[in-house]
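Descriptive analysis of the structure
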Amino acid sequence: MMAAHLALEDHYGNSSDTQPLLVTPGFVDAHIHPDKTTWGSPWLSRRAAATLEDLISNDLRAQLAYQDSVEERAFALMRQAVLSGTMAMRAHVDVATQIGLRNIHGVRAAAERLAPYLDVQIVAFPQFGLLSNQGTLDLVEASLSEGADLVGGIDPASLDGDLHGHLDAVFALANKYGRDVDIHLHDSGPEGLAQVQLIAERTVAEGMQGRVTVGHGFALCDPSQPGLGAALDAMATAGMWLATCALGADPVPVLDLVEKHGVRVALGSDGVRDAWSPFGSGSMVDRTHLLGYRTGALTDAELERCFRIATADGAELLGSAAVAAFFGPGSADRVEFAAHSIPELVVDRPSPMRVVRAGKTVSL
Ligand SMILES: O=c1cc[nH]c(=O)[nH]1
């Protein structure tokens, strides 16, 4: 999947060398949390957080205090993503006894309003624990008939405190309803790698090769870990994906190493202006820049790899036909930028001049 560079004609039909036109496929946000965003809402002053548990309790407190509905906030962010060139996204949406299914319903309603422009997959995400937060497992199951597409999980050993029980529950639901799986794994070091190995074994045992993603996978970002190669090999055998976000100080994978072991990588925004982070723009062009910056991209090939991860690779993970079908400037679904080349686009991160869906300029 290539981008195409054309000379741009001005209003009078004169082409100009100083105003370039780069035509690209749409972008794919493979990991975002639109239900928690404050996009379009008043500024949220955030509390300090030293641990994952702090972040999670800040998150719940913030969500319970939001005045604007999930649908309004999610729609505002998802609209911004569309206008920034995103054509597909995988949304991790909280399901918990404290909030019931309202986040799932709100994000699904927002997605329906944007359906001509954006393919949205919803992961039922047990942010506050799947087994440890009693009643959540039943809600996750119910969510699969009420708008959620995938079964989510989170740190089975540390956060949920029952490694095997958590994986049993996640894979049982995936099997019962024929859904893919996407598990947040913040745990680092040997504990994180051991969980990756187990998820990979489960994936193969359940015949779910290619249908399981690990989000964040901080353990997979530490090349000093002796078990890293084996964990990456296990993931490759299971056809597992790693969704990384290049957010703040979060660890990022060594892309050469991950690719050498045959593990596929997709890119996402993670939390955009929510209790977890004041940053984020909803733009995958920005996020691609951050991936390049955080992974030390230097050569054109390295910058182009970041672009590929955010477009063609993400499209493969999400099964996005609109992005995958891009063939050049005449494509019905495309994004137009004032840029000379992909490397320059990734570094300069311009806003699109035009997003085109089904042959028509998107105006929202
Ligand atoms: O919202 C978020 C972001 C990162 N990690 C989580 O568990 N939740």
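Just so it is clear, the model here is predicted, and its values are computed rather than measured.

Looking now at the overall build of the chain. Summing up its helical and strand segments, the chain has 12 helices and 13 strands in all. Over its C-alpha trace the chain gives a radius of gyration of 20 Å, about what one expects of a compact globule, namely 21 Å for 364 residues. Across its three principal axes, the chain shows a C-alpha extent of roughly 65 × 45 × 40 Å. Residue pairs in contact within the chain that sit at least 24 positions apart in sequence constitute 77% of those at least 6 positions apart. As displayed, the chain has an accessible area near 14100 Å², and 52% of this comes from carbon and sulfur atoms. The centroid of the 26 positive side-chain charges in the chain is displaced by 4 Å from the centroid of its 45 negative side-chain charges.

All right, on to unusual backbone geometry then. Residues other than glycine seldom take positive phi values, yet Arg-349 does so here, at roughly 45°. Residue classification places Arg-349 among the partly exposed residues on the basis of a relative accessible area of 40%.

Moving on, we get to the nonpolar core. Residues Met-78, Ile-199 and Leu-220 are the most contacted members of the largest nonpolar core, which totals 93 residues. Once residues lying within four places of it in the same chain are set aside, the contact partners of Leu-220 are Leu-193, Val-196, Val-214, Leu-228, Ala-231, Leu-232, Met-235 and Leu-242. Membership of the second largest hydrophobic core comes to nine residues, among which are Ile-56, Ile-99, Phe-128 and Leu-159.

Turning next to the UniProt feature "domain: Amidohydrolase" (unreviewed entry) in the chain. Per the UniProt record, the feature "domain: Amidohydrolase" (unreviewed entry) sits at residues 73-319. In the segment residues 73-319, helix accounts for 44% and strand for 15%; the C-alpha atoms at its two ends are 26 Å apart.

Residues Thr-136, Leu-139, Val-140 and Ser-143 constitute the buried set of helix 4 (residues 136-143). The arc that holds every buried residue of helix 4, seen down its axis, measures 105°, which confines them to one face. Tucked into the core, helix 4 has its buried residues touching helix 3 (102-113), strand 5 (119-125), strand 6 (150-154) and helix 5 (163-177).

Okay, the site of the ligand next. Lining the immediate surroundings of the ligand are His-33, Lys-36, Phe-125, Gln-127, Ile-154, His-184, His-186, His-216, Asp-270 and Trp-276. At 3.5 Å from an oxygen atom of the ligand is found a side-chain nitrogen or oxygen belonging to His-33. Within the contact set of the ligand, a nitrogen atom lies 2.8 Å away from a side-chain nitrogen or oxygen of His-186. Contact with the protein chains hides 98% of the accessible area of the ligand, taken as 240 Å² for the molecule alone. Structurally, the ligand is housed in the largest pocket. Here the shell around the ligand is composed, by residue class, of three nonpolar, five polar and two charged.

Cut-offs used in this document
- Residues numbered from 1 in each chain as written.
- Predicted model: local features only at pLDDT ≥ 70, side-chain atom pairs only at ≥ 80, totals over all residues.
- Heavy atoms only, no water.
- Helix = DSSP H or I, 4+ residues; strand = E, 2+ residues; numbered from the N terminus.
- Rg over C-alpha atoms; globule rule 2.2 N^0.38 Å.
- Contact = heavy atoms within 4.5 Å.
- Areas by Shrake-Rupley, 256 points an atom, 1.4 Å probe, with all protein chains shown as cover.
- Lys, Arg positive; Asp, Glu negative; His and termini not counted.
- Charge placed at Lys NZ, Arg CZ, Asp CG, Glu CD.
- Buried < 20%, exposed > 50% of the residue type's maximum accessible area, 1.4 Å probe, protein only.
- Core = buried A, V, L, I, M, F, W, Y, C linked by side-chain atoms within 4.5 Å.
- UniProt positions renumbered as here; feature names shortened; annotations may be inferred.
- Arc of directions from axis to C-beta.
- Near = heavy atom within 4 Å.
- Polar contact = N/O pair within 3.5 Å; in protein donor to acceptor, adjacent residues only side chain to side chain.
- 1 Å grid on protein atoms, 1.4 Å probe; cavity = no way out; pocket = protein on both sides within 12 Å on 5 of 7 lines; lining within 4 Å.
- Sits in = over half its atoms within 2 Å of the grid points.
- Nonpolar A, V, L, I, M, F, W, Y, C, P; charged D, E, K, R; others polar.

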